[in-house]
Each structure stands twice: as structure tokens, then as C-alpha cells.
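Close look at the chain arrangement
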Amino acid sequence: MKIQDTLSSSEQKLDTTKKIKIYLCGVTVYDESHIGHARTIIVFDVLRKYLESKGIEIQLVQNFTDVDDKIINRANSENTTAEKISTRYIKNYFKDFDELNVKRATNYPKATEHIKEIIEFIKKLIEKQVAYPSKNGVYFTVSKFPEYGKLSKKKIDELQSGSRIEIDESKRDPLDFAIWKFSDVEPVWESPWGKGRPGWHIECSAMSIKYLGENFDIHGGGRDLIFPHHENEIAQSEACTNSPFAKIWMHVGMVTIRGEKMSKSSGNTKSIKYVLENWGPNIIRLFCLSGHYSKVIDYSEEM
């Protein structure tokens, strides 16, 4: 069996003579899951079920990002806690995907339950002198990882002049990214560098390596995660372990709405609850599989 690998830009053969270990980046639980999330998770559900039908053992780990600025902002707007927000949407997630006939993952690790592992991971990066504390947090030094950009095919000099780089005077280089953010706003945890919370990218590195080891078979998610999330995961993980991270990077194409990118600010997202009520699980599964998994597909209700 061959899978389109984003890292090598070619089809790579999957070794099916042993247990297959897969890490799938899950949702940030601050709102309802939508049809774009559904496509990614359904594609991996079909892959997993196909392999299991051939007698291959699968270990599928799918995380929940349950600490994030979006969750905190949602909690503040509703005058509640981030934990209550994440708990609500994790519950809704399982309801939605159970109705979509998605087999539950082997593990669903939450970032908030792995702070110890995240802190230990950051300690190793600092000891290896590829990360440093500053006045705003702890940052990964991108220049210390010469292969940075190998997944997204972006060049460092192009990134340095790009508009996506946040201006932060506490960073040694504009490309350096936060792996620990100092904060007094709950939820926060104590760390050797100061009270705060983990950066988004470091969460997945720490959890994937804990459950699957330093080198596993497939790392997956939507194509929107290639940069910066997965690019940063590769950099910090390989810098920490001095070994290759995932063998195959499998990315699922986006779902557009009448040719436009889905956006909550534009009000053109379709929640899983909505599509289930209107079309049912089998039609939604067929729609999500209606094109090559790596390509964009368009959602429209027009006949």
C-alpha cells in the first residue's frame, strides 16, 4: 500500500508487516466540529478500517487541544472556565463522530493532562541549546534546525520577509516560535521558567512521542496544518531526539463552501450537527471520500 507523503512529495510504501502507529492532529475544542474536520477524520477512519480488515494492528492516537487562546477567549465571553468550554465541545465531538460511524481512536490525549511531559520536553530542548527563555516565554531557535522548511517547502529567507511572522522583540529571531508562553490568565501551570501554558506545537510533539515513540509510521491532519504546525513539530521533535520523526506525513485536502474557504468570521461553515440533520451519516461519509483525499472538495447544497 502506498500513501502520498507530503515530506518527500511522492508516494511512500507503508510497511504493513507490523503494527501501524498513527498520530492524527485532532480539533481545538472551543466550538462545534465542522465538515472540514469530518473529512480529515473520516479519511483516517477509512484507512484504519481498511488496514484492520487485512488483519493489521493499528494504534491510532488523536489528540484534543484543550488549552488555547481561542478556548480562553470563548470562556471569557461566556463568563465561564476554559475547562468547562473544552469539556462541552469534547462531549459534542464524540456525539458527532459516533453518529458518523467513526471508530474511536486508541487514545485521545489532552494537552492539559500532559503538562509534565511537555515541560520535560522543553527542558531537553534548552539543554541541547536549541531553545531559550525570554521575557515572554520559551522559544525554539529555528536557525539551530537547518532543515526547517523541509515539509512545507518554504525557505527560511522567504519566511523572514513574510507577513505571517509575528513581531516580538523578546525573540532572538523573528522565525523563532513559542513552546512555553508566560501568562497569569487561567489555565496556567508552574514551570522552571515561569508560570504559563504550553505553545500549540509542543503539545503534539510531547504527546505523539509519549504514546507512539520517537519514530512512528504516519502523522496526519488537514493540509492547513502543514505550516506552521507540522513544520514546527518536525523541527522541535527531531532536534530533541536526534532521530527522524514520522515516516509518512499524510495530509487531507480542505473542504470549501461554494468555492470559498470555510471561515467562522465569514459565517460559511457547516457544523457536523447541521450536515447530519440534513443529509445523514452515509451521505456525509460518501461526500468526504468523493475526491482524492489530498485534494480540495467543494460543499454545495445546490442540485
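My aim in this report is to walk through the structure given alongside it, one point at a time. Each residue is numbered by its place in its chain's sequence as written, counting from 1. The predicted origin of the model limits local features to residues at a pLDDT of at least 70 and limits the giving and counting of side-chain atom pairs to 80 or more, whereas totals for whole chains, interfaces and linings rest on all residues. Calculated side-chain values reflect all of the structure's heavy atoms, with hydrogen atoms and water omitted.

**A word on the side chain of His 251**
Runs of H or I in DSSP of at least four residues are treated as helices and runs of E of at least two as strands, each being numbered from the N terminus. Secondary-structure assignment places His 251 in strand β10 (residues 248–252). By relative accessible area, His 251 is classed as buried at 2%. At a separation of 2.7 Å, a polar atom in the side chain of His 251 contacts the side chain of Thr 6. Polar contacts here mean pairs of N or O atoms no more than 3.5 Å apart (in protein, one a potential hydrogen donor and the other a potential acceptor; neighbouring residues in sequence count only if both atoms are side-chain atoms). Of note is the side chain of His 251, whose polar atom sits 2.8 Å from the side chain of His 230. Residue contacts follow a heavy-atom distance rule, with two residues in contact if any of their heavy atoms lie within 4.5 Å. Those residues within four positions of His 251 in sequence are excluded, and the remaining contacts are Thr 6, Leu 151, Gly 221, Gly 222, Arg 223, Ile 226, His 230, Tyr 293 and Ser 294. Accessibility here uses a 1.4 Å probe with only protein chains present; expressed as a share of the type maximum, an area under 20% marks a residue as buried, one over 50% as exposed, and anything in between as partly exposed.

**Observations regarding the pairing of β10**
Burial runs high along β10: five of the five residues are buried. On β10, burial covers both faces: Ile 248, Met 250 and Val 252 on one face and Trp 249 and His 251 on the other are all buried. For two strands to be treated as a pair, DSSP must find at least two bridges joining them. Relative to β10, strand β9 (residues 218–222) is paired through five bridges, and the arrangement is parallel. Directly across from Gly 220, in β10, lies its bridge partner Met 250. Whether a crossover is right-handed depends on one test, that the path from the first strand over the helix to the second runs clockwise when the strands point away from the viewer. With helix α7 (residues 226–241) bridging β9 and its parallel neighbour β10, the resulting β-α-β unit is right-handed.

**Section: helix α2 (residues 69–77)**
Along α2, the residues that are buried comprise Ile 71, Ile 72 and Ala 75. The buried residues of α2 occupy an angular sector of 95 degrees when the element is viewed end-on, so they sit on one face. Set apart from the buried face of α2 by more than 90 degrees, the exposed residues are Asn 73, Asn 76 and Ser 77. Packed against the buried residues of α2 are α3 (82–99) and β8 (196–198). Two to three positions downstream of the cap, the backbone nitrogen of Lys 70 sits 2.8 Å from a side-chain oxygen, assigning the N-cap of α2 to Asp 68. Relevant arc is that of directions from the helix axis to the C-beta atoms, nothing else.

**Looking at the nonpolar core**
Ranked by internal contacts, the top residues of the largest apolar core, which has 50 residues, are Ile 35, Leu 100 and Ile 218. At eight residues, the largest contribution of residues to this core is made by helix α1 (residues 35–53). If near-sequence neighbours (up to four positions away) are discounted, Ile 35 is found in contact with Val 255, Met 262, Lys 270, Ile 272, Val 275, Ile 284, Phe 287 and Cys 288. Remark: nonpolar core denotes a set of buried residues (Ala, Val, Leu, Ile, Met, Phe, Trp, Tyr, Cys) joined through side-chain atoms within 4.5 Å.

**Describing the sheet that holds strand β3 (residues 20–24)**
Pairing is parallel across the open sheet formed by four strands, whose spatial order is β4-β3-β9-β10. Strands with a single pairing partner mark the edges of an open sheet, and in this sheet they are β4 (58–62) and β10. When the angles between neighbouring strand axes are averaged without regard to direction, this sheet yields 20 degrees. Contacts from α1 reach β3, β4, β9 and β10, with the element oriented near 130 degrees to β10. Sheet contacts for α7: β9 and β10; angle to β9, the most-contacted strand, approximately 160 degrees. Where helices are involved, their axes are fitted lines through C-alpha atoms of the stretch in contact, as for all axes, and angles between N-to-C directions lie from 0 to 180°.

**Digging into the packing of α1 against helix α9 (residues 281–288)**
For any two helices packed against each other, one specifies the crossing angle of their axes together with the interaxial distance. Running from N to C, α1 and α9 cross one another at 85 degrees; their axes reach a closest spacing of 9 Å. With respect to α9, the element α1 is oriented roughly perpendicular. Seen from α1, the contacting residues are Ile 35, Ala 38, Arg 39, Ile 42, Val 43, Asp 45, Val 46 and Lys 49; seen from α9, they are Ile 284, Arg 285, Phe 287 and Cys 288. These descriptions rest on fixed angle ranges, namely under 35 degrees for roughly parallel, over 145 for roughly antiparallel, 65 to 115 for roughly perpendicular, and the rest for oblique.

**A word on the sheet that holds β8**
Strands sit in the order β5-β6-β7-β8 across an open sheet of four strands; the sheet is antiparallel. Every other strand in the sheet has two partners, leaving β5 (131–133) and β8 as the edge strands with one partner each. Strand-to-strand, the axes of this sheet are offset by a mean angle of 20 degrees, without reference to chain direction. With three bridges joining them, strand β7 (residues 177–182) and β8 adopt antiparallel strand pairing. By the bridge assignment, Phe 182 is partnered in β8 with Gly 196. Sheet contacts for helix α4 (residues 115–127): β5, β6 (137–140), β7 and β8; angle to β7, the most-contacted strand, approximately 125 degrees.

**Description of the pairing of β9**
Burial analysis of β9 places five of its five residues in the buried class, which makes it a mostly covered element. In this sheet, β9 lies alongside β3 in parallel orientation, the contact comprising three bridges. Considered in β9, the bridge of Tyr 23 is made with His 219.

**Focus on the pattern of salt bridges**
We count a salt bridge whenever a side-chain nitrogen from Lys or Arg sits within 4 Å of a carboxyl oxygen from Asp or Glu. Taken as a whole and assessed by the stated rule, the structure comprises 18 salt bridges. Here Asp 31 ties to Arg 74 by a salt bridge, and the two come within 3.6 Å at their closest N and O atoms. Remark: Arg 74 occurs in helix α2 and Asp 31 occurs in the loop between β3 and α1; sequence separation between them is 43 residues. In this structure Arg 74 comes out as partly exposed when scored by relative accessible area, which is 22%. Salt bridges here are not isolated pairs; linked through shared partners, they connect Asp 31, Arg 74, Glu 78 and Arg 88.

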